[in-house]
Amino acid sequence: MLSGMRCDREQAVSGLIALTLIASAGSALAAEGDCFDYGALGAGSGPSLGTIKPGAARVPFVQGASGRKGCPGADPACREKAFLVPGNTVILGGTVPGFVCATYVGQKGAVRAGWLPESAVAREPTPPAPVAKDWTGTWTAPEQTIRIRPGKVAGTLAVEGDATYGALDPDRVRRGAVNTGSVSGEAAPNGHTLAFTMGDKGTLPFTAGAPTDCRLRLQLLPPFLLAEDNSACGGLNVTFANVYRRTKP
């Protein structure tokens, strides 16, 4: 829940949405006292899930160092108006003493990241390694769709995706200024991670290919699918980096 409104009413949190997720930056920013996302996928233990504990009716987000000097901290002046409530699920990233960087995802895909008191969050145990059916289906975010199905080779998964930049902006749509991108590949998952590079002649390992080739890394963290790329999977500002929910099995 954000600012006292229902969790699925993202329109009530305009001005509070912190996205697009720029993976690879999160860990360093968290160390500097700011929380913008859950950090890079595939780095260290990576993001995990947490749940707001029973107790306080509201758990406000806390400003970072850029918002106010001395934050995050216990000073009431650090508290933000946006808050979560017991039972809300969050994606956890970096920490500073007493606080954890948490990302909340609304039912329609709006994303809000910020510091929360670490004492208010119960960390969920690491889920068991997913099987193919846990991955497969259609996963969506506000301007991205990723479809996963069993691959042609046993043990692999086939991934196809489409993304846009500007499709939610009526003016850009009117001017025909919506940028697009796509991704396609087939690879075997490694635990909770599935990663590959799009080569000219087919799928390559994630670290192979040219720097300009599209690289996609996915992490399954049910009920979410997390994605990051190297900003080379489409037109200007197009990215697959986001948090997805499965909308079709």
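Please read all numbers here as calculations on a predicted model, not as lab measurements.

Student: Please explain the overall build of the protein as it appears in this structure.
Tutor: The helix and strand inventory of the protein stands at 3 helices and 16 strands. Taken across its 249 residues, the protein has 43% of its residues classed as buried. Restricting to contacts in the protein with at least 6 residues of sequence separation, those with at least 24 account for 55%. If you sum the accessible surface of the protein, you get close to 12200 Å²; carbon and sulfur atoms cover 54% of it.

Student: Looking at this structure, I do not really get the pairing of strand S10 (residues 157–165). What am I missing?
Tutor: Regular strands place their side chains on alternate faces of the sheet. Taken together, the 7 bridges between strand S9 (residues 144–150) and S10 define a ladder with antiparallel strand orientation. Residue pairing in the sheet places Arg149 in a bridge with Ala158 of S10. Taking the residues that link successive antiparallel strands as the turn, the S9-S10 hairpin has 6 residues, and the phi of Gly155 there is positive, at about 90°. Here 9 bridges tie S10 to strand S11 (residues 179–187), and the two strands are oriented antiparallel to one another. Looking across to S11, one finds that Leu157 is bridged to Ala187.

Student: Even after reading the chapter, I still don't get the environment of Phe224, so can you show me in this structure?
Tutor: With respect to the helices, strands and loops of the structure, Phe224 is situated in strand S15 (residues 224–229). A residue is classified by how much of its surface remains accessible, and Phe224, at 2% relative accessible area, is buried. Along the chain, Phe224 and Arg246 lie 22 residues apart, while their C-alpha atoms are 7.4 Å from each other. The residues touching Phe224, leaving out its near neighbours within four places in the chain, are Leu49, Thr89, Ile91, Val105, Trp139, Gln219, Val243, Tyr244 and Arg245.

Student: Mind showing me how you'd approach the sheet that holds strand S8 (residues 137–141) here?
Tutor: In a beta sheet, neighbouring strands pair by backbone hydrogen bonds and run either parallel or antiparallel. Pairing within the open sheet is antiparallel, and its 9 strands lie in the order S11-S10-S9-S8-S16-S15-S14-S12-S13. Of all strands in the sheet, those bounded by a partner on one side alone are S11 and strand S13 (202–204). Strand-to-strand twist of the sheet, defined as the mean angle between neighbouring strand axes without regard to direction, takes the value 25°.

Student: What am I meant to see in the confidence of the model for the protein here?
Tutor: The predicted coordinates should not be examined in detail at positions where pLDDT is low. Summing up the model confidence of the protein, the mean pLDDT is 88 and the portion of residues at 70 or higher is 87%. Confidence drops under a pLDDT of 50 for residues 3–29, and excluding neighbours within four residues, the segment shows 48 contacts in the predicted structure.

Student: Explanation requested: unusual backbone geometry in the structure shown.
Tutor: Glycine aside, a negative phi is what most residues show, and trans is what most peptide bonds show. Following Cys71, the chain continues into Pro72 via a peptide bond in cis, with omega recorded as 0°. As for its placement among the helices and strands, Pro72 is situated in the loop between strand S2 (59–62) and strand S3 (79–84). Positive phi is not limited to glycine here, since Asn237 has a value of about 70°. Take Asn237: it is sitting in the loop between S15 and strand S16 (242–248). For Asn237, a relative accessible area of 46% corresponds to the partly exposed category.

Student: Help me understand the nonpolar core in this model?
Tutor: Nonpolar side chains tend to gather and get buried jointly when the protein is soluble and globular. Ile146, Ile148, Leu218 and Leu225 are the most contacted members of the largest nonpolar core, which totals 22 residues. Taken together, the elements giving at least two residues each to this core come down to S8, S9, S10, S11, strand S12 (193–199), strand S14 (215–221) and S15. When neighbours within four sequence positions are excluded, Ile148 is seen to be in contact with Trp135, Thr136, Gly137, Trp139, Leu157, Ala158, Val159, Leu218 and Leu225. One finds Val59, Phe61, Ala82 and Ala120 within the second-largest nonpolar core, a separate group that totals 13 residues.

What counts, and where the lines are drawn
Residues numbered from 1 in each chain as written. Predicted model: local features only at pLDDT ≥ 70, side-chain atom pairs only at ≥ 80, totals over all residues. Heavy atoms only, no water. Helix = DSSP H or I, 4+ residues; strand = E, 2+ residues; numbered from the N terminus. Buried < 20%, exposed > 50% of the residue type's maximum accessible area, 1.4 Å probe, protein only. Contact = heavy atoms within 4.5 Å. Areas by Shrake-Rupley, 256 points an atom, 1.4 Å probe, with all protein chains shown as cover. Pairing = 2+ DSSP bridges. Axes fitted to C-alpha atoms, helices over the stretch in contact; angles between N-to-C directions. pLDDT = per-residue confidence, 0-100. Core = buried A, V, L, I, M, F, W, Y, C linked by side-chain atoms within 4.5 Å.

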